[in-house]
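Structural overview for review
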Amino acid sequence: MPIDATQPYDDQNVFAKILRGEIPNKTVYEDEWALAFHDINPQAPLHVLVIPKGPYVSWDDFSAKAPAEEIAGFIRAVGHVAREAGLVEPGYRLLANIGGHGHQEVPHLHVHVFAGRPLGPMLAR
């Protein structure tokens, strides 16, 4: 169910629990700023989620409140995941859903990395 990205951070969300080690994951990459792991319900042959370690509900929340070094670290982590997986060529898609219209389902900022086949049009018709 889509969430309201303007609400305060909920530290009981599934990604917060993954960050605390309460829920296992298949980690792809981790550093001081981000954690990347395989999605449990993949929508492409390769589907990785990258989440910041800080408590941010959405891209809007993150871009407004995170310090510059945390923003840079998170964006670099996303790029690192793509490069290490060999996705730069032939290509990949990044997706961050925000709020109800964006169909965000977890109130913790996350970027989906999709790859492994041609992905088709950007939006469903």
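I will try to describe carefully the structure that is included in this document.

Some points on unusual backbone geometry
The backbone of His 103 shows a phi angle near 60°, a positive value even though the residue is not glycine. Secondary-structure assignment places His 103 in the loop between strand E4 (93-95) and strand E5 (111-115). You can call His 103 partly exposed: its relative accessible area is 42%.

Concerning the nonpolar core
Within the largest apolar cluster, 17 residues are counted, with the highest numbers of intra-cluster contacts made by Val 48, Val 50, Phe 62 and Phe 74. Top contributing element to this core by residue count: helix H3 (residues 68-84), with 5 residues. In this structure Val 48 touches Val 28, Ala 36, Phe 37, His 38, Asp 39, Val 81, Val 111, His 112 and Val 113, once residues within four positions along its chain are discounted.

A word on the pairing of E5
With 5 of its 5 residues buried, E5 lies for the most part within the structure. Alternating positions in E5 separate into two faces, Val 111, Val 113 and Ala 115 on one and His 112 and Phe 114 on the other, with burial throughout. When strand E3 (residues 46-52) meets E5, the two strands line up antiparallel, connected through 5 bridges. Note that in E5 the partner of Val 48 across the bridge is Val 113. By the bridge criterion, 3 bridges tie E4 to E5 in an arrangement that is antiparallel.

Side note on the side chain of His 112
Within the secondary structure, His 112 sits in strand E5. Taking relative accessible area as the criterion, His 112 reaches 10% and is therefore assigned buried. A polar side-chain atom of His 112 sits 2.7 Å from a polar atom in the side chain of His 47.

A few points about the layout of surface pockets
Taken as a whole, the largest pocket spans an internal volume of roughly 520 Å³. Along its surface, the largest pocket is lined by 24 residues, and Phe 15, Asp 39, Leu 49, Glu 105 and His 112 are the ones closest to its centre. Elements that contribute at least two residues to the lining of the largest pocket include exactly helix H1 (14-19), strand E2 (34-38), E3 and E5. Looking at the lining of the largest pocket residue by residue, the classes come out as 11 nonpolar, 10 polar and 3 charged. As for the second largest pocket, its lining consists of 13 residues, and the residues nearest its centre are Arg 93, Leu 95, Phe 114, Pro 121 and Met 122.

Details of H3
Look at H3: 24 Å from first C-alpha to last across 17 residues, which is about the 24 Å you get at 1.5 Å a residue. Buried residues of H3: Glu 70, Gly 73, Phe 74, Ala 77, Val 78, Gly 79, Val 81 and Ala 82, and no others. Check the buried side of H3 and you find it contacts strand E1 (27-30), E2, E3, helix H2 (59-65), E4 and E5. At the exit of H3 stands Gly 86, carrying a positive phi of roughly 70°.

Rules and cut-offs
- Residues numbered from 1 in each chain as written.
- Predicted model: local features only at pLDDT ≥ 70, side-chain atom pairs only at ≥ 80, totals over all residues.
- Heavy atoms only, no water.
- Helix = DSSP H or I, 4+ residues; strand = E, 2+ residues; numbered from the N terminus.
- Buried < 20%, exposed > 50% of the residue type's maximum accessible area, 1.4 Å probe, protein only.
- Core = buried A, V, L, I, M, F, W, Y, C linked by side-chain atoms within 4.5 Å.
- Contact = heavy atoms within 4.5 Å.
- Pairing = 2+ DSSP bridges.
- Polar contact = N/O pair within 3.5 Å; in protein donor to acceptor, adjacent residues only side chain to side chain.
- 1 Å grid on protein atoms, 1.4 Å probe; cavity = no way out; pocket = protein on both sides within 12 Å on 5 of 7 lines; lining within 4 Å.
- Points joined across faces, edges and corners; volume = space filled by probe spheres on them.
- Nonpolar A, V, L, I, M, F, W, Y, C, P; charged D, E, K, R; others polar.
- Expected span 1.5 Å × (residues − 1).

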